[in-house]
Amino acid sequence: AQKDEMQSQSAYEQLKAAKEDEIKEGQDHLEEKQEELANTDESLAQAKEDLEDTRTSLAADQSFLANLKEKCQLTDQEYEQRTKTRQEEISAVSEALSFLTSDEAHDLFSRTFNFVQKAQVTTSDAQLRASKILAEVAHKTSSAQLAALAGEVKRDAFVKVKKAIDD
């Protein structure tokens, strides 16, 4: 009887150890599933947030696209109007050029615009005053550049232009 009881005790201990292992495994499995559930819930919350951000961004992009299409349409209309106006201007300029280059226009200009120079203008009072002011400032600041500029202003500024016209 003692042997049976020892076997029963041993069987009970083995059964108890096996059941404790099963319980421990079940608890470990439960903890894993709970952790997995927490991760899944977190991923779901992040995905919902991303979805909301994406929808907001999509709405903003669609609004921008609608505004852009409207602006493009207006720009196209303005471009067409400018192109039409430019074509009209080009044809008007071409017509004016054809008249201006005609022999009839040349004869009219040569009869009408015969200019005669009646007087020559010398250095103006404004040029002399400007030259004097620049010279004074150049002397006060000891600036060679201002002194050179005063000399240029004092001389006739149109010497080169007059020479080119005479030539």
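All values reported here derive from a predicted model rather than from experimental measurement.

A. Focus on the overall build of the chain. Looking only at helices and strands, the chain has five helices and zero strands in total. Start at the N end of the chain and walk to the C end: the helices and strands fall as α-α-α-α-α. Counting all 167 residues of the chain, 4% fall into the buried class.

B. Broad picture of helix H3 (residues 125–141). With 17 residues, H3 extends 24 Å from end C-alpha to end C-alpha; this agrees with the ideal 24 Å at 1.5 Å per step. Considered for burial, the residues of H3 that qualify are Gln127, Ser131 and Ala138. Seen end-on, H3 carries its buried residues on one side only, within an arc spanning 35°. Those residues of H3 that are exposed and angled more than 90 degrees off the buried face are Asp125, Arg129, Lys132, Ile133 and Lys140. Where H3 is buried, its residues contact helix H4 (144–154). Positioned one or two residues after H3, Ser142 has a phi angle of 55°, which is positive.

C. Structural context of unusual backbone geometry. Phi at Ser142 takes a positive value of approximately 55°, unusual for a residue other than glycine. Within the secondary structure layout, Ser142 lies in the loop between H3 and H4. Judged by its relative accessible area of 65%, Ser142 falls in the exposed class.

D. Structural context of the confidence of the model for the chain. On average, the chain scores 85 in pLDDT, and the residues at 70 or more come to 84%. Highest mean pLDDT in the chain belongs to helix H1 (residues 2–100) (94); lowest belongs to helix H5 (residues 159–166) (58).

E. Region of the structure containing a nonpolar patch on the surface. On the surface, Val93, Leu97, Phe99 and Leu100 cluster together into a nonpolar patch covering about 370 Å² of accessible area. Looking at the element boundaries, Leu97 is found in helix H1. We classify Leu97 as partly exposed; its relative accessible area is 47%.

F. Region of the structure containing the pattern of salt bridges. Throughout the structure, instances matching the rule amount to three salt bridges. Of the charged contacts, one joins Asp28 and Lys24 as a salt bridge, the two residues approaching to 3.6 Å between their closest N and O atoms. Taken together, the positions of Asp28 and Lys24, both in helix H1 and four residues apart, correspond to about one turn of that helix. Classification of Asp28 as partly exposed rests on a relative accessible area of 33%.

G. Spatial organisation of the packing of H3 against H4. For the pair H3 and H4, the least separation of the axes is 8 Å and the interaxial angle reads 165°. Overall, the two elements H3 and H4 adopt an arrangement that is roughly antiparallel. The chirality of how H3 crosses H4 is left-handed. Counted together, Gln127, Leu128, Ala130, Ser131, Leu134, Ala135, Val137, Ala138 and Thr141 of H3 and Leu146, Ala147, Leu149, Ala150, Val153 and Lys154 of H4 form the full contact between these two elements. In terms of residue class, the contact of H3 with H4 is built from 11 nonpolar, three polar and one charged.

H. Fine view of a negative patch on the surface. Taken together, the side chains of Glu13, Glu20, Asp21 and Glu25 present a region of like negative charge at the surface. Its place among the elements puts Glu13 in helix H1.

Rules and cut-offs
Residues numbered from 1 in each chain as written. Predicted model: local features only at pLDDT ≥ 70, side-chain atom pairs only at ≥ 80, totals over all residues. Heavy atoms only, no water. Helix = DSSP H or I, 4+ residues; strand = E, 2+ residues; numbered from the N terminus. Buried < 20%, exposed > 50% of the residue type's maximum accessible area, 1.4 Å probe, protein only. Expected span 1.5 Å × (residues − 1). Arc of directions from axis to C-beta. Contact = heavy atoms within 4.5 Å. pLDDT = per-residue confidence, 0-100. Patch = residues over 30% accessible without salt bridge, like charges linked within 9 Å, V, L, I, M, F, W, Y side chains within 5 Å. Areas by Shrake-Rupley, 256 points an atom, 1.4 Å probe, with all protein chains shown as cover. Salt bridge = Lys/Arg side-chain N within 4 Å of Asp/Glu carboxyl O. Axes fitted to C-alpha atoms, helices over the stretch in contact; angles between N-to-C directions. Parallel < 35°, antiparallel > 145°, perpendicular 65-115°, else oblique. Left-handed = near helix turned anticlockwise from the far one by under 90°. Nonpolar A, V, L, I, M, F, W, Y, C, P; charged D, E, K, R; others polar. Lys, Arg positive; Asp, Glu negative; His and termini not counted. Charge placed at Lys NZ, Arg CZ, Asp CG, Glu CD.

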